[in-house]
Amino acid sequence: MLFVQQVSCVIDDAMATGQLFSKTTQALFYNYKQLPIQRMLDFDFLCGRETPSVAGIINPGGDGFQKLFFGQEEIAIPVHSTVDAACAAHPTADVFINFASFRSAAASSLAALKQPTIRVVAIIAEGVPEADTKQLIAYARANNKVVIGPATVGGVQAGAFKIGDTAGTIDNIIQCKLYRPGSVGFVSKSGGMSNELYNTIARVTDGIYEGIAIGGDVFPGSTLSDHILRFNNIPQIKMMVVLGELGGRDEYSLVEALKQGKVTKPVVAWVSGTCATLFKSEVQFGHAGAKSGGELESAQAKNQALRDAGAVVPTSYEALETAIKETFEKLADEGKITPVKEVKPPQVPEDLNSAIKSGKVRAPTHIISTISDDRGEEPCYAGVPMSSIVERGYGVGDVISLLWFKRSLPRYCTQFIEICVMLCADHGPCVSGAHNTIVTARAGKDLVSSLVAGLLTIGPRFGGAVDDAARYFKDAYDRSLTPYEFVEGMKKKGIRVPGIGHRY
Ligand SMILES: CC(C)(COP(=O)(O)OP(=O)(O)OC[C@H]1O[C@@H](n2cnc3c(N)ncnc32)[C@H](O)[C@@H]1OP(=O)(O)O)[C@@H](O)C(=O)NCCC(=O)NCCS
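Residues numbered from 1 in each chain as written. Predicted model: local features only at pLDDT ≥ 70, side-chain atom pairs only at ≥ 80, totals over all residues. Heavy atoms only, no water.

What follows concerns unusual backbone geometry. Backbone torsion omega between Gly149 and Pro150 reads 5 degrees, so that peptide bond is classified as cis. On the secondary structure map, Pro150 appears in the loop between strand E7 (146–148) and strand E8 (155–157). Even without glycine at this site, Ala151 takes up a positive phi of about 60 degrees. Structurally, Ala151 can be placed in the loop between E7 and E8. According to the relative accessible area criterion, Ala151 is buried, its value standing at 12%. Even without being a glycine, Ser480 presents a positive backbone phi close to 55 degrees. Along the chain, Ser480 falls in the loop between helix H19 (464–478) and helix H20 (483–493). Note on Ser480: relative accessible area 62%, which makes it exposed. (Helix = DSSP H or I, 4+ residues; strand = E, 2+ residues; numbered from the N terminus. Buried < 20%, exposed > 50% of the residue type's maximum accessible area, 1.4 Å probe, protein only.)

Near the ligand, the surroundings consist of 14 residues, among which Asn31, Lys33, Ser101, Arg103 and Ser104 are the closest. A distance of 2.7 Å separates an oxygen atom of the ligand from a polar atom in the side chain of Arg103. Between the ligand and Ile124 there is a distance of 2.9 Å, counted from a nitrogen atom to a backbone nitrogen or oxygen. Considering the ligand on its own, with 970 Å² of exposed area, one finds that the protein chains cover 45% of that surface. A per-class count over the shell around the ligand returns 6 nonpolar, 5 polar and 3 charged. (Near = heavy atom within 4 Å. Polar contact = N/O pair within 3.5 Å; in protein donor to acceptor, adjacent residues only side chain to side chain. Areas by Shrake-Rupley, 256 points an atom, 1.4 Å probe, with all protein chains shown as cover. Nonpolar A, V, L, I, M, F, W, Y, C, P; charged D, E, K, R; others polar.)

This part covers the sheet that holds strand E11 (residues 208–213). Ordered in space as E9-E8-E11-E10-E12-E13, the 6 strands form an open sheet in which the pairing is mixed. Edge positions in the sheet fall to strand E9 (161–162) and strand E13 (267–272), since each of these pairs with one other strand and no more. Bridge analysis of strand E10 (residues 184–188) against E11 gives 5 bridges, and the strand direction is parallel. Across the sheet, Val184 pairs through a bridge with Ile208, a residue of E11. In the packing of helix H11 (residues 299–308) onto the sheet, contacts are made with strand E12 (239–245) and E13, and the angle to E13 comes to roughly 170 degrees. (Pairing = 2+ DSSP bridges. Contact = heavy atoms within 4.5 Å. Axes fitted to C-alpha atoms, helices over the stretch in contact; angles between N-to-C directions.)

Examined at the domain level, the protein chain breaks down into domain 1 (25–152), domain 2 (181–276 + 284–341) and domain 3 (464–493). Computed from C-alpha coordinates alone, the two centres of domain 1 and domain 2 are separated by 27 Å. Contacts between the two partners involve 12 residues from domain 1, matched on the other side by 12 residues from domain 2. Counting the surface lost from both domain 1 and domain 2, the interface buries some 1100 Å², and carbon and sulfur atoms represent 52% of this. Its largest share of buried area at the contact with domain 2, domain 1 owes to Glu130, Arg141 and Ile148, together 32% of the area lost on that side. Counting every contact that joins domain 1 to domain 2 gives 1 salt bridge. In this structure, the salt-bridge partner of Asp226 is Arg141, at a minimum N-O distance of 3.0 Å. Inspection of the region where domain 1 meets domain 2 yields 6 residue pairs in polar contact (both at pLDDT 80 or more). Among the secondary structure elements, those contributing two or more residues to the side of domain 1 that touches domain 2 are helix H6 (130–142) and E7. The element best represented in the side of domain 1 that touches domain 2 is H6, accounting for 5 residues. (Domains from an automatic or database assignment. Buried area = accessible area lost by both parts, 1.4 Å probe. Salt bridge = Lys/Arg side-chain N within 4 Å of Asp/Glu carboxyl O.)

With that settled, consider the pattern of salt bridges. In this structure the tally under the stated criterion is 20 salt bridges. A salt bridge links Glu74 to Lys67; the shortest N-O distance between them is 3.6 Å. What makes Glu74 partly exposed here is its relative accessible area of 44%. Among the residues examined, Lys67 registers a relative accessible area of 53% and is labelled exposed. With its nearest N and O atoms 3.2 Å apart, the salt bridge here joins Lys325 to Glu329. Highlighted residues: Lys325 and Glu329, both in helix H12 (residues 320–333), separated by 4 residues, approximately one helical turn. Each member of the salt-bridge network shares a partner with another, and the members are Lys177, Arg180 and Glu342.

This part is about the sheet that holds strand E3 (residues 64–70). Taken together, the 7 strands give an open sheet; going across it, the order is E3-E4-E2-E1-E5-E6-E7, and neighbouring strands pair in mixed fashion. The open sheet terminates on both sides in strands that have one partner only, identified here as E3 and E7. Neighbour-to-neighbour, the strand axes of the sheet open up by a mean angle of 25 degrees, direction not taken into account. Sheet topology places strand E6 (residues 120–123) next to E7; 3 bridges connect them, and they run parallel. Within the sheet, the bridge partner assigned to Ala122 lies in E7 and is Ile148. The strands touched by helix H3 (residues 34–47) are strand E1 (27–30), strand E2 (54–58), E3, strand E4 (73–80) and strand E5 (95–98); relative to E3, the strand with the most contacts, the crossing angle is about 45 degrees.

Covered by surrounding structure in E5 are Val95 and Ile97 together with Phe96 and Asn98, the residues of both alternating faces. Direction of pairing for E1 relative to E5: parallel, over a ladder of 4 bridges. Note that in E5 the partner of Ala27 across the bridge is Val95. Pairing of E5 with E6, which is carried by 4 bridges, proceeds in the parallel orientation. Residue pairing in the sheet places Asn98 in a bridge with Ile123 of E6. In this region the chain leaves E5, passes through helix H5 (residues 105–113) and returns to the parallel neighbour E6; the handedness of that crossover is right-handed. (Right-handed = clockwise from strand over helix to strand, strands pointing away.)

What the rule picks out here adds up to 6 aromatic pairs. Relative to Phe99, the ring of Phe29 lies with its centre 4.7 Å away and its plane at 20 degrees, an arrangement referred to as stacked. Taken together, the positions of Phe29 in strand E1 and Phe99 in the loop between E5 and H5 put the pair 70 residues apart, joining distant regions of the chain. Phe99 sits in the buried class, given a relative accessible area of 12%. Aromatic pair Phe473 and Phe486: ring centres 5.3 Å apart, planes at 55 degrees, arrangement tilted. Taken together, the residues span a long stretch of sequence, with Phe473 in helix H19 and Phe486 in helix H20 at a distance of 13 residues. Overall, Phe473 belongs to the partly exposed group, its relative accessible area being 38%. For Phe486, a relative accessible area of 9% gives the class buried. The residue whose ring lies beneath Arg103 is Phe102, and the NZ or CZ to ring-centre distance is 5.0 Å. (Phe/Tyr/Trp six-rings, centres within 6.5 Å; stacked < 30°, edge-to-face > 60°. Lys NZ or Arg CZ within 6 Å of the ring centre and 35° of its normal.)

Laid out in structure tokens, this is it:
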């Protein structure tokens, strides 16, 4: 059949070797997003990893570091401004997790694929132009690298390594037993549905060994069959579960692989979207690739083709759970699955803010302020709410009286405070001679002392013109320059003549 050749499953060496990740795999994370990185680190802690799975962050525009938690410990993850710099600094990090927007995801992914140290690139953004994705796929295949996505949540190797938001919250990860490896390899198009299936698989089997969401685009960087054939080479994986969807012909390359006997482990499969036939016209479902182009791309046709090729395909999505359960139990009865040793995962420490919010803990304050109080909905200065300070038309003097003297001083006092502030602001740095003269006079000194106090403040930052004027005028006089020559000479040197104002 023509279309089978069109969607031939190209498995390069990186894919054929099987394992993409391990318990020591480290990644570079592009575009700083605090939550998915923290979730990766919490997963690491749950799995008992010794090193964090994120080695470095790439955030265009700034080097430095970001503080995150690895268990109870606070760690600083280096931030680099370019892909080159990050790869040079972390040569053992071979996974690139790309959280760039759809505008820049292709360019940054290509930059990563070009790095000799990067082996796997996961692209999260939806809406990456298809022409760009095709280029990425061609480059990756030619260079023996693996692309997961675009439009993917990522993937997980249970007990070892997790990409970004895969499998959601820690509670869900614990329920899905992803903190330790099971015997099932899972691949789906949808990221959201993969969460659902991790849960189902954990309930009816010994759990996931590895799960990948290839993403919902028309051209995924790696395909369902790429991963199934890879899983076939991983000894710990005893059976595979596939969740396809209507649209595209990717599932047919799996059909072909099954027919050719390339897949030797049991495959349970379901292609979702059987409801599309209920619509009179073609329907575009959530993913860019999820629309039935023709009969062969319908969920029904693909389910039937997989069934005919030897996959276990239930009659409905509801029956998928039973199909997975029965396939697993059969393997267990045949002694092909060694029961997984159950482990109790450690408790991931809760963030202080969420624990306080839920009323689980209380924390002593580090600072006690006797003047301002921001415990309520509105901050107060010495008991006066901020809004009433504005409504009453209070000025800087009144605010200082509340904060400094802890009460509302009479109007003449606050006006005096304001004059002091204005004097310092207007005259302090700029006309400090005048300021000092005023201060000296206020101190009760005589006129001459006050004047001298001001004159003594004259220096290069204020009033320096007097000194400089004397210097330049004397120099001109000594050299017998005419006023015209003097002014022209200063102009040529680009110096303003001091002491005569700024008028030429
Ligand atoms: C992909 C994704 C992570 C990108 O994150 P985002 O928040 O949309 O993008 P950001 O705000 O980080 O960046 C947007 C742009 O603003 C720029 N920007 C961000 N902060 C900036 C700042 N302070 N100053 C200047 N520019 C800034 C970024 O550089 C970026 O520019 P670019 O588009 O040219 O690259 C996000 O859109 C996403 O999660 N999408 C959903 C993906 C999805 O559903 N996948 C399938 C899962 S199953």
